[in-house]
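Here are the chains, one letter per residue:
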Amino acid sequence: MKYSLVKGTVATAMLMSVTFACNDKFLDVPATGQLSSTQLTSKAGVEGVLIAAYAQLNGRGYTQTASSYNWMRGSISGGDANKGSNSGDFSAITPYETYQVLATSSEAGGKWNAMYEGISRANATLRTLATAGSDVTADDKKRISGEARFLRAHYYFELKRAFNMVPYVDETVDYGTGIDKVANNVDIWPKIEADFQYAYDNLPATQSAVGRANKWAAASYLAKTYMYEAKYSQAKTLFDLIIASGTTAGGTKYALVANYTDIFNAATETNSESVFAIQAAANTGSSDNANPDLVLNFPYNTGSNGPAGCCGFFAPSFELGNSFRTTAAGLPLLDGSYNTGANQLKTDQGIASSAAFTPDAGPVDPRLDWSVGRRGLPYLDWQNHPGLDWIRDQSFAGPYSPKKFVFYKSQDKTLTDGSSWTDGYSAINYQIIRYADVLLMAAEAEIEVGSLETARTYINQVRTRAANPTYWVKAYAGGNAANYVINTYSTAFASKDAARTAVRFERKLELSGEGHRFFDLVRWGVAATTLNNFLAYESLKLPVAYAGGKFTSGKDEYMPIPQQQIDYQGTSVLKQNPGY
Amino acid sequence: MRTSFYRLLQTTLVAVVMLLWSIHVSAQDRRLTGKITGPDGAVPGANVVLKGTQTGTSTDAEGNYSLPIRGTNPVIVISAIGYKTQELQVGNRTSYDILLVEDATALSEVVVTGYTTENRRDVTGAVATVAPAQLRVVPSTNVEQQLQGRVAGVTVITNGQPGTSSQVRVRGFGSFGGNQPLYVVDGVPTQNISFIPPDDIESTTVLKDAASASIYGARAASGVIVITTKRGQRRAQKLSVSYDGLYGVTDPGHGPKFLNPQEQADWAWQARKNDIYQGTYLTNDFNGIANGQYGTGSTPVLPDYLLVGNRSGLSASQVDLSAEAAKYNTNSTNGAVYNVIPANKQGTDWYKAITRVAPLTRHTIGFSGGTDYSRFYISLGMQNQQGIVLNNNYSRYNLRANTEFDLSKKIRIGENFQVAYIRNVGVLGSVGSQLGNGTNNNSSSATDENDVLTAFRIAPIIPVYNSFGGYAGTAAPGFNNPNNPVANRQALANNGNFNIYGFGNAYVEYDVIPNLTLRSSIGGNYYSGYSNSYGRVQYENSENNTTYTYNEGSSYGLSWTFTNTANYKQTFGKSELSVLGGIESLNTGLGRFVGGSGINPFTTDPNYVTISTTTPGATRQTYSGNGLGNKFFSVFGQARYIYNEKYILTGVVRRDGSSQFAPSNRYGVFPAVSAAWRLSSEDFMKNLPWISDLKIRGGYGIMGNSNYLSATNQYNLYASNAGNGYDINGTNNAVNAGFYRSQIGNAEAKWESSITSNIGLDGSFFNNKLEFALDFWRKDTRDLLFQLSLPGVVGTRAAAPYSNIASMRNQGIDLLVTNRGNIAGGLGYEVTLIGGLLQNQITSLAPGVPYFTAVGNSSQRLSTPVIRNEPGHPLSSFYGYKVIGLFNSKEEVAAAPTQDGAAPGRFRYADTNGDGKISDDDRQYLGSPIPKFTGSITLTLKYKGFDLNTNLYTSLGSQIFNYSKWYTDFYPSFTGAAVAARVKDSWLPTHTNTSVPIYESVSNFSTNTQANSYYVENGSYARLQYLTLGYTFPSLVLNKINFNRLRVYVSATNLLTITKYSGLDPSIGGAADTSFGVDVGNYPITRAYNVGVSLGL
């Protein structure tokens, strides 16, 4: 008995020691398929971290409205377009056209998070660069830090004009080191200027890849920042330099392209007008590289006769359509009379596709049919827009479809991502800044601090390009698709005010649907007047969509600081914007 | 079907041969044999154990047993369900026939707990067992589903979809995730038991509290379900053969009620009238409704054709069908699609169109036998079950071989092995994790716009098929975006998906001395899976997939467990001592996966399509990944002391180390103690003869948990994937890789611990006619691992670290009452009532984190999250505005607190804070999906050979967020797709006594954009789970045909469901415990009818 007890104990102990041999090392299990930050200090590693900072430009991983394109906040809130689709689908956007945004808005939260994600990636680039290995040269460091700071400035620029007061976090703070304690009580324009200035000072004019920010992109963005700060003389100085010597990252001298639609065509988008763009690519293994922010913005139920078939969002507004009306002399109706009587564009609202309809025959700016898809006219190379049949709910969305950022039939599945639920994932770049924008900003700066005549020249450059009849939209049967009449401003502006009115209207026409309008209106201090006038007109056309719409001065210029962020960081750190 | 069966045979043949070779005889000194009978004859399945040792056996179908005997004055303990446990001195006998006395108390059985077995009488923790016969009566593919309503304190939320896992929760929700119980099958831990056929199961034990479960350590914090499979008996005998067969059909029943085509048109007109009434439509006309399908007159006119080419809303006279036939084209590569869709004025029943009466077949054939020195059980089984939704099919083929041999009188070796082939196609939503380290083992949950929900949304005027045999659909304008769900289901016909599982263990036991047994076991679970799917080009819908896609992928995984235990039992006079010590190391599951996809092959003939035959180039995509699993290393011990059968004291301690934690916090030590006092054995109770047995139990323990923790939580990580690249070179078709921070690590994370206390009372009275078990329990989880939401400024694409910051409380009462007896004339009955009360509450979150939200399935179409998790409230609580009625007049709107978008017929929300304004602050808690009470009544009646079984299950006190109403009740949600019959009861100026809001175009804060109480419904229900009538042939008849046993039965399941819930089925799970109970078109549990036979040779 005793012996066997000993034997048992020994045997047990032996057995246990066998398994105890599995010591602590057994429990060290590394991560798979992912990297630690120390593995990224090589040149390729740092470059990869920088690439990820670029990748966030389109707001991927967050809501469709979080992109740097700002189709919701810049264009829908600016009156270029209405939400479209039908009343219930993605109803979180509707408050942005009626200015009834709540602090809990998911879209405000999405924009905030997407842009700070970009900032965190830019900061990660700078942190990684600080520990970079010997294969990263001093020139590399200048360039990489320049690009990283350019991108950081871009993301902050986005946040600044969306939310106004936002916390500024740079590469010196991170999770666990006080990042959540940075308050939103400081105006960050100087920080944005500093980053763009650094990029301007350190980036080369020509880059190895066309998608990179270069010196002149930084200069343009810095000048744009000055415009937002109303520092017109500093802006003008830079614009003079840019117009004289600016080149794209590929080394091409900045110039307007002859064909306006080349800007929105994946095959021709990298051109002399591209100052800085979100580079989109299709069929890369993830639709996140192919405009995930734009997939909703196509006509509805087109079948194989039209692009993507979904989802009828981002319908150009009646008011925008009317804005393209010209006088017989080919100039816009700067007095606002385009919204009255026969000046209004004739539409097929309320008319079935099977019923007859003749499109408007009056004089219009040719940019109308590059920007607005309307019944009876060619919709790129697809077919004539059939009207109601391509509209999801006309009483909510109106008669128009978006036309910029729509791919051609000839590009379907080659420049669009064929692998997903819609072909709307395309390779079309969005131009964050294009040269026409630079010229029009330069014109504004000239009007404020320089020469009205120089301003007129700049405006006329933009109009002249649009006036080239070679590129006007043609009916499939031949001949111009509509009665296009456009001319330059042939005489000097009567006054600074007249010049202002002209340049601002030119921006509306030239850059419609490109995410600028709302921010321009706020920047000019005319948002309340302009948008309440817009609502008064548009709500008669689309009463359901614009029900309850009212722009409140002093509140609706900025989105609310997302309530969830205030909940996370505390009211002592994040102060809500006025009015929310 | 047949080919896959042969494939299974091929893969397993080798294994079978290897396992069977060693059925042979080896030497043994002394053996006791005999037959155990009860008043009605032989007692199969009785347990015979040599007291004070691990040696035991059970009787075969004829009641025979054979047991090796050793030691002086050996005592055997005989126990069987339904009989009194007896202890008998063996003396010099070599043969011992025993007559058992009917006792029928559950307290007498042997229960498989921890790493050992114990007598039910001596159990000090909260332990429940389920008889296999009770499980088998539910014709489900998955044992989990059969546990519903069987054990007090176990909540099972399941669905009707074959082959999916269920949300099984033992005593509430201890953590924010990973709350699934640990399954231990033949000693091997696993988190998936989908491959186990119910007919192979011999016993199921649920360990509910720390005192009973903590021997299994950290993965057992959410309870343990111990399953043992059949093993045969160790006794020279002839081969026993059993066969169990089942055939049945499941009836999908009826879907919810919908508008018919005329009603839908009328209500579209009414919506316009309502818009005019509200002043949101400014002219008095009917232009533009449903894209003109119904004309523009003052009353709608149903068209004869919904779409002909690009014309719509046509009468028969406008269409020359033979001319259209020439233009008809559904293949866009041949030119523009030209569809011809007639109107179905009678209305299409889309629910009926996507469902079917679905057959179920199950066969299990078992062979068991043994010699004096070996035993085996081998079974072959198959189950073939169709889901009620088209092309949702499940089949399983399995082979089990359990064997055990004595190598010498002291050494035994054995193995339990199973291989299963499972094919599961057409699943809606997810199936739950397949293996190991998934922290999310939740039930299948439907996704937004799934085929069931789509059937509730698509207009009945649309037929399934067009005029020429192709598909019809919302390509006909005016009916918004639902896909043709029949086309979707039919497209799945050629998809493949199968998994092969090998599961089991091999062990050696060594009786060093008679009272000390060493055991070493190595077990594991290997699986490999394969799937492929074909995505058709759609043309019939308003939103079409216009690219043909082909996907293919495969994976494998392996989990293993290596366990070594020493078990010592000794009796000293009136004292009994048993000690268990052990060491265990395991890996929860390592594996790899690979897959790819491509588009547009030359032909879509499935025999042609492979990834290699798809269009070459960038559209071909691949993916792969690997995981190393979570590793654990543990040492544990348990000691039990029993004095005079009256006082029982048990102590357990386990030290666990897990690779999920950084070295500094890797180990945790978790003790538990429990004690019991058998009052009925005290002298002062002896004069109360009506008390057969009475025991008070108490237990207290701390359990660790890391189930919710990701494998890599300690690391800061960067990742690169296709979705974070960037086309820096402007190529339009290629990206450079980007590295983004994918995870912020936390090396400080440590074990969650839950403090569990349990007080229980077990009693049986009136000669065991009445017995009960009552438990009061509480589980306080501290240092709860919680993935802190990152502030946006940090960059939220990085996964947030898990930190130990929250706490949660679960408490409840479990009750089991059984009453049995005989009513006059040989009619016996047994009625069992099971009930569990549960209260779950988050008690704290991190400082500065007041709550966290979840959308719940995919309810992102509401502009704020539906679900909020906040201290003071249960997990996954619904949060939003409380609807106190509908505004009945403009005057009421004017007098009410300011509310955006308020108008007559719209929701009026409660001004909770009384500030005269409805704002975010007025939101409140609207309910919780966690049932407060679950229970069941099981009734068995026996008369001569007949038996009648029925079970009524009930789940009370839960709420459901019926998100599908957003689609079906609100005109503007997807205009043209809201077709619920509820609409007919909607508010009108002339019909104000209703809760259904006005049917109109406006989508705003006061209509359909907010989470509010309109969607919240009472989720309580009671369900007659089954009603079974069986007949067992008398032995007189059986002897003539050489059968041991023959029973036939007919059964109806889910016969009746009593609920107020308006959706298809009130059993609503979800993808995570922090967000469940949201109904987006659930796969319902419906009525089924079965016949079965069970026989033994």
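Numbering of residues begins from 1 in every chain and follows the order in which that chain's sequence is written. Both sets of labels track the order of writing: A upward for chains, 1 upward for ligands. At least 70 in pLDDT is required for a residue's local features to be given in this predicted model, at least 80 for side-chain atom pairs to be given and counted, and no such filter applies to totals for whole chains, interfaces and linings, which use all residues. With hydrogens and water stripped out, all remaining heavy atoms of the structure feed into the side-chain values.

## Quick notes on the overall build of chain A
From N to C terminus, chain A includes 18 helices and eight strands. Its C-alpha atoms give chain A a radius of gyration of 27 Å, within 12% of the compact-globule value 25 Å for 580 residues. In terms of overall dimensions, chain A has C-alpha extents of about 115 × 55 × 45 Å along its principal axes. Of all 580 residues assigned to chain A, the portion counted as buried reaches 64%. In what follows, a contact means two residues having at least one pair of non-hydrogen atoms within 4.5 Å. Summarising the internal contacts of chain A: among those between residues at least 6 apart in sequence, 72% fall at separations of at least 24. Residue burial considers only the protein chains on display, and all accessible areas are found by Shrake-Rupley using a 1.4 Å probe. Summed over all atoms, the accessible surface of chain A reaches about 17,700 Å², with 56% contributed by carbon and sulfur. Across chain A, the centroid of the 51 positively charged side chains sits 1 Å from that of the 54 negatively charged ones. Secondary structure elements are taken from DSSP: a helix is a run of H or I of four residues or more, a strand is a run of E of two residues or more, and numbering for both begins at the N terminus. All radius of gyration figures rest on C-alpha atoms, and the globule criterion is 2.2 Å times the number of residues raised to 0.38. Each residue is placed in one exposure class: buried if its accessible area under a 1.4 Å probe, protein chains only, is under 20% of its type's maximum, exposed if it is over 50%, and partly exposed if it falls in between. We count Lys and Arg on the positive side and Asp and Glu on the negative side, and we leave His and both chain ends out. Working definition for charges: the position is that of NZ of Lys, CZ of Arg, CG of Asp or CD of Glu.

## Observations regarding the packing of helix 2 (residues 43-55) of chain A against helix 6 (residues 138-163) of chain A
Residues and elements named next belong to chain A. Between helix 2 and helix 6, whose axes approach to 10 Å, the crossing angle comes to 20 degrees. When the interaxial angle is binned, helix 2 and helix 6 end up roughly parallel. Here helix 2 runs over helix 6; the crossing is left-handed. Two secondary-structure elements touch here, helix 2 through Lys43, Val46, Glu47, Leu50, Ala53 and Tyr54 and helix 6 through Asp140, Arg143, Ile144, Glu147, Ala148, Leu151 and Tyr155. The axes used here are C-alpha line fits, helices contributing only the stretch in contact, and every angle between their N-to-C directions lies in the interval 0 to 180 degrees. Roughly parallel covers angles under 35 degrees, roughly antiparallel covers those over 145, roughly perpendicular covers 65 to 115, and oblique covers all other angles. Rotating anticlockwise by less than a right angle from the far helix to the near helix defines a left-handed crossing, while the corresponding clockwise rotation defines a right-handed one.

## Concerning the pattern of salt bridges
Residue and element names in this part refer to chain A. Salt bridges are counted wherever a side-chain nitrogen of Lys or Arg sits within 4 Å of a carboxyl oxygen of Asp or Glu. Within this structure, the stated rule accounts for 83 salt bridges over all chains. Two residues, Lys555 and Asp556, come together in a salt bridge whose shortest N-O distance is 3.2 Å. The exposure class assigned to Asp556 is buried, which follows from its relative accessible area of 2%. Overlapping salt bridges bring together Glu273, Asp365, Arg367, Lys404, Arg434, Arg463, Arg465, Glu506, Glu510 and Glu514 as one network.

## Digging into the sheet that holds strand 14 (residues 182-185) of chain B
All names here are of chain B. Pairing between strands is defined by DSSP: at least two bridges between the two strands are required. With mixed pairing, five strands are arranged side by side in an open sheet as 11-16-17-14-15. This sheet does not close on itself; its edge strands, each paired only once, are strand 11 (127-130) and strand 15 (188-190). Between one strand axis and the next, the sheet turns by 25 degrees as a mean value, whatever way the strands run. Pairing analysis gives six bridges linking strand 16 (residues 201-207) to strand 17 (residues 224-229), with the strands arranged antiparallel. When the sheet's bridge partners are listed, Val206 is paired in strand 17 with Ile225.

## Remarks on the packing of helix 14 (residues 452-466) of chain A against helix 15 (residues 496-510) of chain A
Residues and elements named next belong to chain A. Close contact between helix 14 and helix 15 brings their axes to 11 Å; oriented N to C, the two are set at 25 degrees. Of the possible angle classes, the one that applies to helix 14 and helix 15 is roughly parallel. Both helix 14 and helix 15 take part in a crossing whose hand is left-handed. Contacts from Leu452, Ile459, Val462, Arg463 and Arg465 in helix 14 reach Lys496, Ala499, Val503, Glu506 and Glu510 in helix 15. Under the grouping applied here, Gly and all other residues not named as nonpolar or charged are polar, the nonpolar ones being Ala, Val, Leu, Ile, Met, Phe, Trp, Tyr, Cys and Pro and the charged ones Asp, Glu, Lys and Arg. Residue composition of the contact of helix 14 with helix 15, by class: five nonpolar, no polar and five charged.

## Side note on the environment of Gly177 of chain B
Looking at the secondary structure, you find Gly177 of chain B in the loop between strand 13 (167-170) and strand 14. In this structure Gly177 of chain B comes out as buried when scored by relative accessible area, which is 6%.

## Some points on the state of the cysteines
All names here are of chain A. Disulfides are defined as pairs of cysteine sulfur atoms found within 2.5 Å of each other. By the definition in use, this model includes one disulfide over all chains. Sulfur-sulfur distance for the disulfide between Cys310 and Cys311 comes to 1.7 Å. Its S-S torsion of about 90 degrees marks the bond between Cys310 and Cys311 as right-handed, since a negative value means left-handed. A relative accessible area of 1% means that Cys310 is categorised as buried.

## Things to note about the interface of chain B and chain A
Taken together, the 121 residues of chain B in the interface contact 113 residues of chain A. Take the accessible area each of two parts loses on contact, using a 1.4 Å probe, and add the two losses: that sum is the buried area. Carbon and sulfur atoms supply 57% of the area buried between chain B and chain A, which totals about 9,300 Å² over both sides. Taken together, the links from chain B to chain A amount to four salt bridges. In this structure, the salt-bridge partner of Asp28 of chain A is Arg666 of chain B, at a minimum N-O distance of 2.9 Å. Polar contacts here mean pairs of N or O atoms no more than 3.5 Å apart (in protein, one a potential hydrogen donor and the other a potential acceptor; neighbouring residues in sequence count only if both atoms are side-chain atoms). Across the contact surface, chain B and chain A share 42 residue pairs in polar contact (both at pLDDT 80 or more). The element that contributes the greatest number of residues to the side of chain B that touches chain A is strand 27 (residues 549-572) of chain B, accounting for seven residues. Residues of the side of chain B that touches chain A, tallied by class, amount to 53 nonpolar, 56 polar and 12 charged.

## Focus on the packing of aromatic side chains
All names here are of chain A. Geometry of aromatic contacts follows a simple scheme: Phe, Tyr and Trp rings, the Trp one being its six-membered ring, pair when their centres are within 6.5 Å, and the pair is stacked under 30 degrees between planes, edge-to-face over 60, tilted otherwise. Overall, the coordinates contain 89 aromatic pairs over all chains when judged by the stated rule. Ring geometry for Phe90 and Phe313: centres 6.1 Å apart, planes at 65 degrees, overall edge-to-face. Highlighted residues: Phe90 in the loop between strand 1 (81-84) and helix 4 (95-98) and Phe313 in strand 3 (residues 313-316), separated in sequence by 223 residues. Take Phe90: its relative accessible area is 18%, and that puts it in the buried class. Taking the relative accessible area as the measure of exposure, Phe313 reaches 1% and is therefore buried. Between Trp382 and Phe407 the ring centres are 5.8 Å apart and the planes differ by 75 degrees, which places this aromatic pair in the edge-to-face class. In this pair, Trp382 is assigned in the loop between strand 5 (378-379) and strand 6 (383-384) and Phe407 in the loop between strand 7 (401-402) and strand 8 (430-434), connecting sequence segments 25 residues apart. We classify Phe407 as buried; its relative accessible area is 0%.

## With respect to the pairing of strand 17 of chain B
All names here are of chain B. Within strand 17, six of the six residues are buried, leaving the element largely enclosed by the surrounding structure. On strand 17, burial covers both faces: Val224, Val226 and Thr228 on one face and Ile225, Ile227 and Thr229 on the other are all buried. As defined by bridge partners, strand 14 adjoins strand 17 across four bridges and the pair is classed as parallel. The partner of Leu182 across the bridge, within strand 17, is Val224.

## A look at the sheet that holds strand 40 (residues 852-854) of chain B
Pairing between sheet strands relies on hydrogen bonds along the backbone, with the strands arranged either parallel or antiparallel. All names here are of chain B. Reading across the sheet, the four strands line up as 40-41-42-45 and stay open at both edges, with antiparallel pairing between neighbours. The sheet is open, and its two edges are formed by strand 40 and strand 45 (924-927), each paired on a single side. In this sheet, adjacent strand axes meet at a mean angle of 45 degrees when their direction is disregarded. Two elements, strand 40 and strand 41 (residues 867-869), share three bridges in a ladder whose sense is antiparallel. Its bridge partner lying in strand 41, Phe852 is registered against Asn869.

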